[in-house]
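One letter stands for each residue in the lines below.
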Amino acid sequence: MERQGDGARERGRDGEAERRTYLLSLVSVLGLLVAACGLADLPPPPQVPGLPTPEVSAGEQTQPGPGGAIERSAKPAPRPPVLRMPITEPGVLDPGTATDPMALDLLDALFEPLVVVDESGQVQPGNAERWQVGPGGATYLFTLREGLRWSDGTPLTAQDYVWAWRRNVTPATGAGYASLLYPIRNAREIHAGRLDPSALGARAVDDRSLEVTLAEPGAAFLSRASTWVYLPLSRQVIERQGTNWADPASLVGNGPYRISAWSRGREAVLEPNPVYTGLRPARLERIELKVFAPDAEAAVLQAYEAGDLDTTSSHFQLPGTALGRIRELPELARQLVSFDLAATSFVVANHRKPYLQDARVRRALGMALDRAELVAEALGTSAGPAWSLGPSGNRGQASARWPGEDAAEAQRLLAQAGYPEGKAFPPLRFTYRAGPANERVAQYLQRRWREVLGITLRPEAKDERAFIAWQRTGAWEREGDLYRASWSSEVDAPGEDYRALWSAQGDAALLRSGWRNQQFDALLQQAAGELDPQRRTALYTEAERVLAEDYPSIPLYQYRGQALVKPYVHGFSPRPVLGLTPWPSLEVGQE
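Per chain, residues are indexed from 1 in the order of the written sequence. Totals for whole chains, interfaces and linings use all residues, but because this is a predicted model, local features are given only for residues with pLDDT of at least 70 and pairs of side-chain atoms are given and counted only at 80 or more. To obtain the side-chain values, all non-hydrogen atoms of the structure were included, while hydrogens and water were left out.

A. Structural view of the side chain of glutamate 544. To qualify as a helix, a DSSP run of H or I must reach at least 4 residues; to qualify as a strand, a run of E must reach at least 2; elements of each kind are numbered from the N terminus. Within the secondary structure, glutamate 544 is located in helix H19 (residues 533–550). Relative accessible area decides the class of each residue, using a 1.4 Å probe on protein chains only: under 20% of the type maximum gives buried, over 50% gives exposed, and in between gives partly exposed. Neither His nor the chain ends is counted toward charge; the positive residues are Lys and Arg and the negative residues Asp and Glu. Salt bridges are identified by distance alone: a Lys or Arg side-chain nitrogen within 4 Å of an Asp or Glu carboxyl oxygen. No salt bridge forms around the buried glutamate 544; measuring N to O, its nearest opposite-charge neighbour arginine 401 is 7.2 Å away. In protein, a polar contact means a hydrogen-donor-capable atom and an acceptor-capable atom, both N or O and within 3.5 Å, with residues adjacent in sequence counting only if both atoms are side-chain atoms; elsewhere, any N or O pair within 3.5 Å suffices. A polar side-chain atom of glutamate 544 sits 2.8 Å from a polar atom in the side chain of tryptophan 402.

Right, here's the structure in full:
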């Protein structure tokens, strides 16, 4: 998942490889803003016996007075449980084809998967109350909770999962994240058009029992099963509504919230799903989502300060020019929340070039940097220094094994490689997507490597389309030396990022650096099939040691998010993966 452009929040997409490596930013949504119409109230959900609609009171507290008259209480009225947040216009709300972060965020409120990943990275029950792993770890039997229903009141069964997965892996569906289904037996062949979807290794044993057979034992399967392409879908609704089934007026989900009103380009309203009986209940009476343009950070801040929003959310970067003022004002400073994102930026080296094949050269390039200086000059508060290629906090990560920053050691390594003070070292071509932030990064690298190592860097900016074509068509392999790339984790599972990027298969599909390390690949393969958590973590730690020693790419910085949150809003802690909103934990109460 690639970030690019002017800041830590901009990404683009082009094709399946770019879906993984060059993806959207957490705020730069590709959905078109549609002309606003009147705010439409959607039909109320059906009343299901035994599941009454929650009653919520708001306004000032009252109490009976003499003779039964109602008098005002001296105690201040509680704040209504209503949250107002900014969003960008989301793309299609179809779990199979959704790609932009805003849509993925909303899907997390409108749907519930088999399992969910908690804040500590542990897999917890979702629609499945329990599961059993068969001998060898290649078969999973999920038992769904009793009484599951779609938001239209109809029963939800195991067959809804089987049908959804077959649909999403079918090539004609065009699912951007279909590869997340690849751990299931035959999924890769079905997606390539070589097998019929009925061959997928998933079947409904009965209404509450779902059996999944994997292509090979994989400990990361449960984490993948928490993602959007694994969500259930109502076949009845989709076949009846056709391509319009995901329209807000037609959308039928199974999550803690439902859409009650929608005005494209203006506002969306979420309310509790009255037939939801899961473990993530809605705690708010209503969520009012105000639509802003993707680059409207200043307008979002203005609305927040005017009292029209309760948070600036994880989807809008605070304007850099306003951060100084925010920190100087005590009231606003107390409302500033910072959070790490599972995303890093790094420099990819072309291992086909003889002068970049020596690990000492690559380590020298990395150790010569002052990342705190780089972040301050080029990115401000939207990023922090990164010394390892994996996002901070990944389980199995051994950051201490990575080379630190040491200009003298960098000079020594370069001399050992045969280039003392940069003599005889050819100029390096550094290619990046055009944009002010990327240009500042290029200028910093150019200056720093010249001053510390005596190496000449020649920056070259390309627009989005030209960059993708250059990286994919072979021109990079022939002509390039270095390019700037980024990765945002798609799954909260140890080792998934390393497998996607630096394994032999992952590199060939995405980075195309030409780096190969048989020991690294063997450790990843062994860890993927290891069911014991401690042994699996140890294997991933050893794999990272190999990665750190060979230093195939040069880490630059880790992305961070910042938001303003009113003191009466509780539970706002965006998830590192994609910066998704923690809908079930959000509350509005007293300060």
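B. Spatial organisation of the environment of alanine 548. Within the secondary structure, alanine 548 is located in helix H19. Separated by 161 residues in sequence, alanine 548 and tryptophan 387 have C-alpha atoms that sit 9.7 Å apart. Note on contacts: a residue pair qualifies if any of its non-hydrogen atoms lie within 4.5 Å across the two residues. Non-local contacts of alanine 548, meaning those with residues more than four positions away in its chain, are made with Arg363, Arg401, Trp402 and Pro403.

C. Local environment of the nonpolar core. Only buried residues count toward a nonpolar core. Its members are Ala, Val, Leu, Ile, Met, Phe, Trp, Tyr and Cys residues joined through side-chain atoms within 4.5 Å. Among the nonpolar cores identified, the biggest contains 150 residues, and Phe142, Trp165, Leu270, Leu445, Trp449, Trp502 and Trp583 are the most heavily contacted of them. Here tryptophan 583 is in contact with Met85, Asp105, Leu106, Asp108, Ala109, Tyr257, Leu270, Ile287 and Leu289, once residues within four sequence places are set aside. Tyr304, Leu323, Leu332 and Leu564 belong to the second largest nonpolar core, which has 15 residues in total.

D. Spatial organisation of the sheet that holds strand E19 (residues 553–564). For two strands to be treated as a pair, DSSP must find no fewer than two bridges joining them. If you walk across this open sheet you meet the six strands as E15-E19-E14-E18-E16-E17, and the pairing is mixed. At either margin of the open sheet sits one strand with a lone partner, and together these are strand E15 (383–385) and strand E17 (457–462). This sheet shows a mean twist of 35° between the axes of neighbouring strands, independent of strand direction. Strand direction decides the pairing type here: strand E16 (residues 428–433) and E17, joined by six bridges, are parallel. Paired with tyrosine 432 across the strands is alanine 461, a residue of E17. The angle between two axes is taken between their N-to-C directions and runs from 0 to 180 degrees, where each axis is a line fitted to C-alpha atoms and a helix contributes only its stretch in contact.

E. Focus on the pairing of strand E11 (residues 257–263). Within E11, seven of the seven residues are buried, which leaves the element mostly enclosed by the surrounding structure. Where E11 lies against strand E12 (residues 267–272), six bridges are found, and the strand directions are antiparallel. Looking at E12, one finds that tyrosine 257 is bridged to proline 272.

F. Structural detail: the packing of helix H10 (residues 359–367) against H19. It is the contact of H10 with H19, at a shortest axis distance of 8 Å, that shows an interaxial angle of 85°. It follows that H10 is roughly perpendicular to H19 by the angle criterion. Residues Ala359, Arg362 and Arg363 of H10 form the contact with H19, whose own contacting residues are Ala548, Glu549 and Asp550. Classifying every residue of the contact of H10 with H19 by side-chain character gives two nonpolar, no polar and four charged. Oblique is the label for any angle not under 35 degrees, not over 145, and not in the 65 to 115 range, which are roughly parallel, roughly antiparallel and roughly perpendicular in turn. Side-chain classes follow a simple rule in which Ala, Val, Leu, Ile, Met, Phe, Trp, Tyr, Cys and Pro form the nonpolar group, Asp, Glu, Lys and Arg form the charged group, and the remainder, Gly included, forms the polar group.

G. Highlighting the pattern of salt bridges. Applying the stated rule across the entire model yields 40 salt bridges. The salt bridge involving arginine 203 is made with glutamate 211; its shortest N-O contact spans 2.8 Å. Residue classification places arginine 203 among the partly exposed residues on the basis of a relative accessible area of 45%. Given a relative accessible area of 23%, glutamate 211 falls into the partly exposed group. Across the salt bridge formed by arginine 447 and glutamate 373, the nearest N and O atoms sit 3.6 Å from each other. Placement of the pair is arginine 447 in helix H13 (residues 436–453) and glutamate 373 in helix H11 (residues 371–378), with a sequence separation of 74 residues. Residue classification places arginine 447 among the partly exposed positions, given a relative accessible area of 23%. The network of salt bridges with shared partners includes Asp108, Glu112, Arg145, Arg280 and Arg575.

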